[in-house]
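The primary structure of each chain is shown beneath.
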Amino acid sequence: MKSWGRLMLLLLTVATAGAPVLAEETSGVTAPYLLAGSPTFDQTISQFRERFNADNPDLPLNEFRSISGMPDRANLTRAASKINENLYASTALERGTLKIKSMQITWLPIQGPGQKAAKAKAHGYMSAVLRVLIPTLTKAQSQQKLQKLLAAGKGQRYHAETEGAIRYVVADNGEKGLTFAVEPIKLALSDDNEGDNK
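Here's what I pulled together on the structure shown here. This is a predicted model, so every value here is computed, not measured.

## Some points on the layout of surface pockets
Estimates place the volume of the largest pocket at around 340 Å³. Considering the residues around the largest pocket, the lining is formed by 14 residues, among which Trp 107, Lys 119, Lys 154, Asp 172 and Leu 178 are closest to the centre. At the level of elements, α3 (115–133) and α4 (139–153) are the ones that each hand at least two residues to the lining of the largest pocket. The residue makeup of the lining of the largest pocket, split by class, is five nonpolar, five polar and four charged.

## A look at the nonpolar core
Counting residues in each nonpolar core, the largest one holds 36 residues, and the members touching the most others are Phe 48, Phe 52, Met 126, Phe 180 and Val 182. Looking at this core, the element that brings in the most residues is α3, giving nine residues. Filtering out sequence-adjacent residues up to four positions away, Phe 180 remains in contact with Met 103, Gln 104, Ile 105, Met 126, Leu 130, Leu 146, Leu 149, Tyr 168, Val 169 and Val 170.

## Here's the deal with the side chain of Thr 106
With respect to the helices and strands, the residue Thr 106 is situated in strand β4 (residues 100–107). Given the relative accessible area of 0%, Thr 106 is considered buried. A distance of 2.8 Å separates the side chain of Thr 106 from the side chain of Thr 179, its partner in a polar contact.

## Comments concerning the packing of helix α2 (residues 45–55) against α3
Axes are the key here: two packed helices are described by the angle between their axes and the distance separating the axes. In the contact formed by α2 and α3, the axes pass within 10 Å of each other and the chain directions differ by 115°. Regarding α2 and α3, the two cross each other, and that crossing is right-handed. Contact residues: α2 offers Phe 48, Arg 51, Phe 52 and Asp 55, while α3 offers Tyr 125, Ala 128, Val 129, Arg 131, Val 132 and Leu 133. The residue makeup of the contact of α2 with α3, split by class, is seven nonpolar, no polar and three charged.

The rules behind these values
- Residues numbered from 1 in each chain as written.
- Predicted model: local features only at pLDDT ≥ 70, side-chain atom pairs only at ≥ 80, totals over all residues.
- Heavy atoms only, no water.
- 1 Å grid on protein atoms, 1.4 Å probe; cavity = no way out; pocket = protein on both sides within 12 Å on 5 of 7 lines; lining within 4 Å.
- Points joined across faces, edges and corners; volume = space filled by probe spheres on them.
- Helix = DSSP H or I, 4+ residues; strand = E, 2+ residues; numbered from the N terminus.
- Nonpolar A, V, L, I, M, F, W, Y, C, P; charged D, E, K, R; others polar.
- Core = buried A, V, L, I, M, F, W, Y, C linked by side-chain atoms within 4.5 Å.
- Buried < 20%, exposed > 50% of the residue type's maximum accessible area, 1.4 Å probe, protein only.
- Contact = heavy atoms within 4.5 Å.
- Polar contact = N/O pair within 3.5 Å; in protein donor to acceptor, adjacent residues only side chain to side chain.
- Axes fitted to C-alpha atoms, helices over the stretch in contact; angles between N-to-C directions.
- Left-handed = near helix turned anticlockwise from the far one by under 90°.

Nothing here speaks to function; it is geometry throughout.
What follows is the structure in structure tokens.
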């Protein structure tokens, strides 16, 4: 139960941070995927899970269960899937369609001889999420991208990078856990580019 509580704290940290500040200081600010009208990936949670399991038979992902008691700020459904005692997948879904607005993997570090293997397994799930949501990435590219993102977010409670229509979020709470999220974002045309289109 203690692990589940830490998971919920990490999920709330990622879900309530709208800028690189501590979640406790952003009670009224929400992440872009929690705002009305924010985009979704073009797949439902069932489609994602089916593809994930087909592409990664050595990294099974169990069925996602709805998380109750979470505040409904933007007509979202939140769900989580327990992978093992220290590894969880969670998601924010568009209510009604169940299309993915954010996909997250949270790792609760363990101490002792199994730590290295547990960390490698967590990184395996994180890079597999990248490959399913961004199919153009190869296994090597997804692992390289993940390592770069985790290095940039190391020791930070919240780090986000945007690449095209994708936003990557790393919430590193040290021994309390690490959450990696992938989210779609809206693209906006710059006024400078309007002249180029005439």
